Structures are given as structure tokens and as C-alpha cells.
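# Architecture and fold: a report
Each chain, letter by letter, is given below.
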Amino acid sequence: MEQTIKKNDRGEEVVDIQRRLIALGFDLGKSAADGVFGEQTETTVKAFQQKRGLTVGGAVGEETWEELVEASYQLGDRALYYRYPSLRGDDVRELQMSLNSLGFHTQDEAGVFEQETDQAVREFQRNVGLPPDGIAGEETIDALNSLKKAVSTGSRFAVPDKRYICNSGRGDRRSKIMLDPGHGLPEDPGAVGAFGLTEAEVCWRIALGCRRILEQRGVEVVFSREESETIPEGERSQRANREEVDLLLSIHLNSSRDMQAEGATCFYFSNGRWYSKAGKKAAHLIQDELIRGLALVDCRVHGMNYSILRKTRMTAVQVEPAFISNVKEERLLGSGSYIETISRAISQGVARFLEMEKQSII
Ligand SMILES: [Zn+2]
């Protein structure tokens, strides 16, 4: 619309404006879309401008026209995606509100499809098993609506666990996990025991054991690092996100100045306000196997805001099956058969979690 349409104008453009106002729920009275910009139309344009935070003048200039166009889009009217110039409209705003309510953050709900919205759409698609193409078309919007419904039937204050939805929609696909052996020789040995055993080498051996056992059970296993590789913590979570695994299991050993400290612990993500339900469940399943199977001291399951737990998109658990600072436990960790027993217990917990996730329907 190049020129301003105002009171006493007539014609097709006036009809267009009137139709849009009616579609938005405004009442133009008897005259309706008659193509005459009269008193009633002017009053209605003013009401629209007021509602949308525009300068209230009663005439339709470029700004008001654009707002009329944007306001008339409803989610599902068109495919939404990231492009230049950015798509704008009430449908984009609705999409952003839905994504945010499910925990996929779009930065704002301004109704402009920017890069953050693109990322949130892709993340959502990955989580529900759709191709992550960033296009909010029919399938994606359907998935969004059905998930929103599932969430809204819960508590008004329920925070959806996006780590939980990660596992749905995979159907019969093989479960895939990432094992993250802590630290990495030669640069980062982790904690070192009194006899010189390093946390890095023990974690590596446990990871090898878990991989063998889990692969035998049909689970696809990838590692976060090579045997002799030191990678920053952030890179580990990035790799897990890239591999789109169902579960990330980080393996460490505990260490304490108190040489008597012993036992096993599992951690899941919690920041004090929110915690991962799926992570907590997985942590408990693994912890139970370690305590039952190995008769280890139960140092319990804890919610922690560790970076590897926070930055991963999927369910994530950090397991610390023993204290390398405890001489008795260090001796045990030096034996191949003990490593095998630990690996079996952890794998059993992991397998149970994956099995339960497959059966849960959202
Ligand atoms: Zn460590």
C-alpha cells in the first residue's frame, strides 16, 4: 500500500481494509465491507491502532497496513521459516508462545521469525522425531498442538521436561547413547589415587566395558572422546547434541580429602528451580544397580547444575561409581573383573531406562 487510505476514500483498497478488520473480529456495522471509508471504518481503524500499539490517527498508512496484514495470519495459514526479510505476523507470535511454553526458547514473542526461532523450531523437531528442517509447516504445528495439549492437562505450573520428550517419537529406532569417559590422558588425568591409578584411565575402561555390554543388547553406542584426547567440557555436550543420542552418560570417579570416603553416586540436572525428571529416573535406575549389584556404599542420587548435564539436550546422567581417593576402592578399580562388574551394573541401569522410555507414550 503506497499511499495513505483515509476517511472519504473509496475503492478496492478500502474493501480490503474493511475485510481484514472484520476477519479480526471488529464490527463495521451495517455498511460492512462496502468500500466506503466512512465514520464507522475510521473509528474501527482507530480501535485497531490502539489495540496494536500504533499511533492512533484513523488513517491507514504503511505501518497500519502492515500491522493489518500481520494480524490476520493464524498459525497454520502458511509455512513459517527463517528467511530474509523475516516473516512477521500473529502466527509467528503464536508459534513462539507455543515453543516457549514447552521449553524451547525463542528469545522473545515479538512475532518476527528470527534466527533464535529457527533454532527453537529445529530443536523442537529433533525432540519429536521430525526432520529438523526449521520449517514450521503442518506436521510441526500438529506436533506442537498435540504436545501443548498433553502439557496443559497437567498442572498449570508444570514445567515440561524437554529432556523427557526427547525420547518420544523415535518409534522402533534403536536406542543410541553417548558414553563420556571423564577427563583424558595425557593432559587431564583427573583425580589420581595413592597408587597412581588415574581417573581418566579407569573411566575409559568402564566406558569400554559398558559399550561392549550395551552393544550386545542392541544399543547404539558412541563415545564423546578418543582414548588419548583431552576435550573441553563444552565440546562433549556439543558432540552429544550433534549425535542426537537418547542418553548421555558421563563417567567419573569421586575423590575426597577424606580417605575413608567411599561409595557410588549418580547426578542428574537440577538448577534448584527445575530438574530433569527423566534424568532423575535414569540416575536412580543406575544407582540402584550399583548399590544392589556391588553392595557399594550408597552416596545417593543428587541433582546438580554441572555443565555437561545443563548443556546437553537429552537425558543426561553423571555416574561416579567409586572414590579413587579411597585406597580400598582404588585397589578394586585396578582389577579387570571389578571394572567388568561395575560396567555390568551401569549398563543394566541404562538398558532399563531406555526400555522404559521406549514404552512411555507422550
Ligand atoms: Zn572427574
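As the structure is a computational prediction, the values presented were derived from the model and not from experiment. (Residues numbered from 1 in each chain as written. Predicted model: local features only at pLDDT ≥ 70, side-chain atom pairs only at ≥ 80, totals over all residues. Heavy atoms only, no water.)

### Some points on the packing of aromatic side chains
The criterion, for reference: Paired rings are identified among Phe, Tyr and Trp, the last through its six-membered ring, by centres lying within 6.5 Å, and are further divided according to the angle between planes into stacked (under 30 degrees), edge-to-face (over 60) and tilted (the rest). Numbering of helices and strands runs from the N terminus, with a helix taken as a DSSP run of H or I at least four residues long and a strand as a DSSP run of E at least two residues long. Think of it in three bands: with a 1.4 Å probe and only protein chains considered, a residue is buried below 20% of the maximum accessible area for its type, exposed above 50%, and partly exposed in between. By definition here, charges over rings are those cases where NZ of Lys or CZ of Arg is within 6 Å of the ring centre and within 35 degrees of the ring normal.
One pass over the structure, following the stated rule, counts 4 aromatic pairs. Ring geometry for Phe26 against Phe48: centres 6.1 Å apart, planes inclined by 80 degrees, an arrangement best described as edge-to-face. Placement of the pair is Phe26 in the loop between helix H1 (12-23) and helix H2 (39-51) and Phe48 in helix H2, with a sequence separation of 22 residues. Judged by centre distance (5.2 Å) and plane angle (70 degrees), the rings of Phe267 and Tyr306 are edge-to-face. Within this pair, whereas Phe267 is found in strand S4 (residues 264-269), its partner Tyr306 is found in the loop between strand S5 (298-304) and helix H11 (307-310), the two being separated by 39 residues in sequence. Exposure remark for Phe267: the relative accessible area of 7% places this residue in the buried category. The ring of Tyr73 is capped by Arg78, whose NZ or CZ atom sits 3.3 Å from the centre of that ring. When the ring centre of Phe223 is taken as reference, the NZ or CZ atom of Arg211 above it lies at 4.5 Å.

### Topic: the coordination of the zinc ion
Any two of four tetrahedral donors ideally make an angle of 109.5 degrees at the metal, while pairs among six octahedral donors ideally make 90 or 180 degrees. Formally: Donor selection uses N, O and S atoms within 2.8 Å of the metal (3.2 Å for Na, K and Ca). Since no water is included, sites may look incomplete.
At this site the zinc ion is bound by His183 (NE2), Glu199 (OE) and His252 (ND1), with donor distances of 2.1 Å. All donors of the zinc ion come from a single chain, and their spacing in sequence reads H-x15-E-x52-H. Of the two residues, His183 sits in the loop between strand S1 (176-181) and helix H8 (199-216) while Glu199 sits in helix H8, which places them 16 residues apart along the sequence. With respect to class, His183 is no different from Glu199; both count as buried.

### Brief notes about the pattern of salt bridges
Going by this rule: The working definition used for a salt bridge is a side-chain nitrogen of Lys or Arg within 4 Å of a carboxyl oxygen of Asp or Glu.
Within the structure shown, the criterion is met by 19 salt bridges. The salt bridge involving Arg20 is made with Asp16; its shortest N-O contact spans 3.1 Å. Of this pair, Arg20 and Asp16 both sit in helix H1, 4 residues apart, roughly one helical turn. What makes Arg20 partly exposed here is its relative accessible area of 22%. Overall, the relative accessible area of 29% leaves Asp16 in the partly exposed class. Here Lys176 ties to Glu243 by a salt bridge, and the two come within 3.0 Å at their closest N and O atoms.

### Thoughts on the pairing of strand S6 (residues 315-320)
Keep this limit in mind: The criterion for strand pairing is that DSSP finds at least two bridges linking the strands in question.
Along S6, 6 of the 6 residues are buried, which leaves the element largely enclosed by surrounding structure. Of the two faces of S6, both are covered, the one formed by Thr315, Val317 and Val319 as well as the one formed by Ala316, Gln318 and Glu320. In terms of strand pairing, strand S3 (residues 247-251) meets S6 through 5 bridges, oriented parallel. Paired with Leu249 across the strands is Val317, a residue of S6. Taken together, the 3 bridges between S4 and S6 define a ladder with antiparallel strand orientation. Paired with Thr265 across the two strands is Glu320, which belongs to S6.

### Describing the nonpolar core
Formally: In plain words, nonpolar cores are sets of buried Ala, Val, Leu, Ile, Met, Phe, Trp, Tyr and Cys residues tied together by side-chain atoms within 4.5 Å. In what follows, a contact means two residues having at least one pair of non-hydrogen atoms within 4.5 Å.
Residues Leu290 and Ile346 are the most contacted members of the largest nonpolar core, which totals 44 residues. Of all the elements in the fold, those that place two or more residues in this core are S1, H8, strand S2 (220-223), S3, S4, helix H10 (277-294), S6 and helix H13 (336-359). At 9 residues, the largest contribution of residues to this core is made by H13. For Leu290, the residues in contact, after removing those within four places along its chain, are Ala264, Ala295, Leu296, Val319, Pro321, Ile342, Ala345 and Ile346. Formed by 19 residues, the second largest nonpolar core is a distinct cluster that contains Ala120, Val121, Leu130 and Ala136.

### Overview of the domain arrangement of the protein
Basically, it comes down to this: The domain boundaries here were taken from an automatic or database domain assignment.
Entries for the protein in the domain assignment read domain 1 (12-71), domain 2 (90-160) and domain 3 (176-359). Summarising the inter-unit geometry, the C-alpha centres of domain 1 and domain 3 are found 62 Å apart.

### A short note on the packing of helix H4 (residues 90-101) against helix H5 (residues 115-128)
Short version of the rule: Helix axes are fitted to C-alpha atoms over the stretch in contact, other axes to C-alpha atoms as well, and angles between N-to-C directions run from 0 to 180 degrees. Working definition: roughly parallel below 35 degrees, roughly antiparallel above 145 degrees, roughly perpendicular at 65 to 115 degrees, and oblique for all remaining angles. Whether a crossing is left-handed or right-handed is set by the direction in which the near helix is turned from the far one by less than a right angle, anticlockwise for left-handed and clockwise for right-handed. Amino acids outside the nonpolar list (Ala, Val, Leu, Ile, Met, Phe, Trp, Tyr, Cys, Pro) and the charged list (Asp, Glu, Lys, Arg) are all regarded as polar, and Gly is one of them.
Contact pair H4 / H5: the axes reach a minimum separation of 11 Å and the direction vectors enclose 55 degrees. Taken together, the axis directions place H4 and H5 in an arrangement best described as oblique. The way H4 lies across H5 gives a crossing that is left-handed. Contact residues: H4 offers Leu95, Gln96 and Leu99, while H5 offers Thr117, Ala120, Val121 and Phe124. Here the contact of H4 with H5 is built from residues that sort into 5 nonpolar, 2 polar and no charged.

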